Amino acid sequence: MTPAPKASIDRSICVDCLTELLSQEDRRYRYPFIQCAACGPAFSTGWIDDGRADPSCPACRIEFETPGNRRHGFRWISCKDCGPVLRFVSEQGTETQEAALARAIEYLHEGRIVVIKASGGFHLAVDARNEEAVQKLRRRKRRPHKPFAVMARDLEWVERVAFVSSEDRAFLDRPERPILLLPGRSAEIAPSVAPGLSDVGLFLPSSGLQVLLLREGPPLQVMTSANFTREPTLREDAEALRMLGELADGVLLFDRAIVEHSDDSVFRSSSEGPIPIRRSRGFVPKTIELPFETPPLLAVGAQEKNTVCLAAGREAHLSQHIGDLESAEAFARFLDDIERLKARTGIEPVAVAHDLHPDYRSTRWALESGLPTIGVQHHHAHAGAVLLENGAQAAIAVLFDGTGLGEDGRLWGGEFFSASYESYRRLGHLRPLALAGGGAAIRNPWRLALAAAIDAGVPEEVLPKPPERAFAALAARLQRGDSFPTSTGAGRWFDAVAAMLGVRQQVSYDGQAAAELESVATTAPVDAYPFEIRAGSPFEIDLRATIRALAADVASRTPASIAAARFHETLARAIEAGCHLARAKTGLGDVVLGGGCFQNRLLLSRTRERLEASGFRVLCAREVPPNDGGIALGQVAVAAARLRSRATLATEA
Ligand SMILES: [Zn+2]
Ligand SMILES: [Zn+2]
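Here is a short report on the structure shown in this document. (Residues numbered from 1 in each chain as written. Chains lettered and ligands numbered in written order. Predicted model: local features only at pLDDT ≥ 70, side-chain atom pairs only at ≥ 80, totals over all residues. Heavy atoms only, no water.)

**Describing the overall build of the chain**
Quick reminder of the rule: Going along the chain from the N terminus, every DSSP run of H or I of four or more residues is numbered as a helix, and every run of E of two or more is numbered as a strand. Here the globule rule reads 2.2 Å times residues to the power 0.38, and the radius of gyration is calculated from C-alpha atoms. Here the term buried applies to any residue with accessible area under 20% of the maximum for its type, exposed to any over 50%, and partly exposed to those in between, with areas from a 1.4 Å probe on protein chains only. Note on contacts: a residue pair qualifies if any of its non-hydrogen atoms lie within 4.5 Å across the two residues. We get accessible surface area from the Shrake-Rupley algorithm with a probe of 1.4 Å; when it comes to residues, only the shown protein chains can shield them. Charge assignment in this entry is limited to Lys and Arg as positive and Asp and Glu as negative, and neither His nor the chain termini are counted. A single reference atom marks each charge: NZ on Lys, CZ on Arg, CG on Asp, CD on Glu.
Looking only at helices and strands, the chain has 20 helices and 26 strands in total. For a compact globule of 653 residues, the expected C-alpha radius of gyration is about 26 Å, and the chain comes in at 26 Å, within 12% of that figure. Along the first, second and third principal axes, the C-alpha atoms of the chain reach 80 × 70 × 45 Å. For the chain, the residues scored as buried account for 58% of the 653 residues in total. For the chain, contacts bridging at least 24 residues in sequence account for 68% of all contacts bridging at least 6. Working note: accessible area of the chain is about 24,700 Å², and carbon and sulfur atoms make up 50% of it. Mean positive and mean negative side-chain charge positions of the chain (77 and 82 charges, respectively) differ by 2 Å.

**Notes on the coordination of the zinc ion (ligand 2)**
Operational definition: With water omitted from the atoms examined, metal sites may look incomplete; donors here are N, O and S atoms no farther than 2.8 Å from the metal, or 3.2 Å in the case of Na, K and Ca. Under this scheme a four-donor centre is tetrahedral when all angles range from 85 to 135 degrees, a four-donor centre is square planar and a six-donor centre octahedral when opposite donors are above 155 degrees with the rest from 65 to 115, and any other centre is irregular.
Every protein donor of the zinc ion (ligand 2) is listed here as C57 (SG), C60 (SG), C79 (SG) and C82 (SG), and their distances to the metal cover 2.2 to 2.3 Å. Around the zinc ion (ligand 2), the 4 donor atoms sit at angles spanning 103 to 117°, and that spread fits a shape best called tetrahedral. Mapped onto the sequence, the residues coordinating the zinc ion (ligand 2) show the spacing C-x2-C-x18-C-x2-C. Residue C60 is located in helix α2 (residues 58-65), and its partner C79 is located in the loop between α2 and β3 (86-90); the two are separated by 19 residues in the primary sequence.

**Remarks on the sheet that holds β3**
Selection criterion: For two strands to count as paired, DSSP must find a minimum of two bridges between them. Axis definition: a line fitted to C-alpha atoms, over the contacting stretch in the case of helices. Angles run 0 to 180 degrees between N-to-C directions.
Sheet architecture is open: 11 strands sit in the order β4-β3-β11-β5-β6-β10-β7-β9-β8-β12-β13, paired in mixed fashion. In this open sheet, the two edge strands, each paired with only one partner strand, are β4 (93-96) and β13 (275-278). Adjacent strand axes in the sheet meet at a mean angle of 30° when their direction is disregarded. Strand direction decides the pairing type here: strand β12 (residues 266-268) and β13, joined by 3 bridges, are antiparallel. From the neighbouring strand, V266 faces β13, where its bridge partner is R278.

**A short note on the nonpolar core**
Where we set the bar: The term nonpolar core refers to a set of buried residues drawn from Ala, Val, Leu, Ile, Met, Phe, Trp, Tyr and Cys, joined through side-chain atoms within 4.5 Å.
Ranked by internal contacts, the top residues of the largest apolar core, which has 72 residues, are V398, F400, L450, L478, L517 and L593. Counting residues in hydrophobic clusters, the runner-up holds 42 residues, among them C309, A353, V376 and A381.

**With respect to the coordination of the zinc ion (ligand 1)**
Octahedral six-donor coordination of a metal ideally yields angles of 90 or 180 degrees, compared with 109.5 degrees for tetrahedral four-donor coordination. Protein coordination at the zinc ion (ligand 1) comes from C14 (SG), C17 (SG), C36 (SG) and C39 (SG), with a distance range of 2.3 to 2.4 Å. For the zinc ion (ligand 1), the 4 donor atoms in the first shell make angles of 105 to 117° at the metal, a pattern classed as tetrahedral. Written as a sequence motif, the donor arrangement for the zinc ion (ligand 1) is C-x2-C-x18-C-x2-C. Pair noted here: C14 is in the loop between β1 (10-11) and α1 (15-22) and C36 is in the loop between α1 and β2 (40-41), with a separation of 22 residues, a long-range link. Comparing C14 with C36, the two get one shared label, buried.

**Remarks on the sheet that holds strand β16 (residues 351-355)**
The strand order β15-β14-β16-β17 describes an open sheet built from 4 strands, whose pairing is mixed. Strand pairing shows two members of the sheet lacking a second neighbour, β15 (309-318) and β17 (373-376), which therefore form its edges. Here the average twist between neighbouring strands, direction ignored, is 55°. Sheet topology places β16 next to β17; 4 bridges connect them, and they run parallel. Residue pairing for β17: V352 is matched across the bridge by T373. Of the strands in this sheet, β14 (288-299) and β15 touch helix α9 (residues 328-345), which is tilted by about 145° from β15. Lying on the sheet, helix α11 (residues 378-389) is in contact with β14, β16 and β17; it crosses β14 at an angle near 140°.

**Quick word on the environment of H145**
Defined as follows: Pairing of N or O atoms within 3.5 Å defines a polar contact, subject to two protein rules: one partner must be a possible hydrogen donor and the other a possible acceptor, and residues neighboring in sequence count only if both atoms are side-chain atoms.
One can find H145 in the loop between α4 (131-141) and β7 (149-152). Other than its neighbours up to four places away in sequence, H145 contacts R138, P195, R504, S508, Y509 and Q512. At 2.8 Å, the side chain of H145 and the side chain of S508 are in polar contact.

**Let's talk about the packing of helix α15 (residues 490-500) against helix α17 (residues 544-555)**
Formally: When describing relative orientation, an angle under 35 degrees is termed roughly parallel and one over 145 degrees roughly antiparallel, while 65 to 115 degrees is termed roughly perpendicular and anything else oblique. Each crossing gets its handedness from the near helix: less than a right angle anticlockwise from the far helix is left-handed, clockwise is right-handed. Amino acid classes used here: Ala, Val, Leu, Ile, Met, Phe, Trp, Tyr, Cys and Pro are nonpolar; Asp, Glu, Lys and Arg are charged; the rest, including Gly, are polar.
Interhelical geometry of α15 versus α17 gives an angle of 20° and a closest axis separation of 10 Å. Relative to α17, α15 is oriented roughly parallel. Judged by the sense of rotation from one axis to the other, the crossing of α15 with α17 is right-handed. Here W493, V497 and M500 of α15 lie close against α17, whose contacting residues are I547, L550, A551 and V554. Its residues assigned to classes, the contact of α15 with α17 shows 7 nonpolar, no polar and no charged.

Treat this as a map of the structure, not an account of what it does.
Take a look at the structure:
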């Protein structure tokens, strides 16, 4: 019997293999695809369903057959004689093996852009210390601001450019090799790597190939998913080669198929432990335990940061990061991943859970699937995911994000619920903000600043002048009381405040204004702005007094670092006040914090501190992101609970 690999997950190169890789006497010295039974990309290269024969080369064959050998019985081992061939393609033609590696390294040193194949996708790499080169990558990729991740040669290099705790060090070194967003500390990283942000995303090499590239090439390299904006990870060599010229100066490939695409996983360092941002490579396909039995279920997730989830019995299988379903490529991957997940788990769903938003492509697919459907409100799903990860049954849930559709057909996102898996009650919410200009308001925070200012009775002259002439006309429409769709989304209030403070007027990626607002905020203690709570069912956190006080700070030229921090402090206190009301109404003492806004380290830590001081127990996302990447898991939890209670009712009847 051939022992199965330890687990079918991707694991970074182990210490033993690393030692061999770097020792001249070893027969796998400088062999980029070195691995053993304890390490390697088991998931993305599809070892589990690979019916390949035993190793063919004599030397590997001996290792395979020798009991006690680290590679005994492990069919996926290889060496220079029998493994994949490394190939570098550029305008100079094609080079192979050591020559290919040497040329790729030379290109990186020269500030050129290189596509590098990894086990689950392709990276675009460039020297992260070369500002000109990073700017060139931004131009070619048409990605003006969204931060790039940086692979560092080793922990010493991470420490040179970021503030790292001992927990952070251990986390970076995990076999999943996650990207960790850390507070930056040096000018050594080119400014264009993460413009406007205080954090930089850093991670360590995962494979033998990456170890060699980082040891002999630049010690800090941008490694960003090689796709055009909004598309998920590439899978085919042919697609990568099409990037030559247009995007990249060279392509480093090898002849081993990518069976499962997987992006790098992303977490954010915080004093309370890493905050999950994207759960993908290394974490998928680990199963997640459900608190109760479920019939076979599929959940199709949200529109952006989409993931899907299959569940049966007490196990949930959350897919890798799929992407933004607006892009045709991501939607194709969505369809493909559902089939793949079914094949891998053997689960044939009897029902499908989906978001209530009729325009999400995932929702439309679910409604046309022919399966019985279960609609799950967006923020209820957020709450369900966090409840599940913490093994809780019911809690007050504070759900702050950009936007999700509510049961009343309006856009929600600054919500206070009492929530269990099966149901929820909307106890309160932030004051709705007019989306002045509809979709244009999402891309132009200055429009939200204007709406917030006029709503609060602040003269628009206080606002920094936006880059568009539409300002006066829009101000007139708002003054006149023209109706616009509204949203209670906390993310929209972050946008409005970022624009009021002149931090960010227009955005090029989701969450940009909020991320930059957090980045300018001081972490020193500050006073909160005033706010009011308007009683009712649901209650409303009225932020008009906040906006007036903030406008006064703007008028008196208070530094943005202070005003931004005061806004964060205000939200933390508003959450605390809302939770007091919720506790009085429900008797619940646990508080779930969910939604993308809780990726904000400052908001999360201030909120947690206030709540804990008031005797609440705070439950946060642990491994599944609080953002829309966790929606599919939450949908499974809610739908399973509903099916269970229906079954109970049926039995009782
Ligand atoms: Zn190994
Ligand atoms: Zn071999």
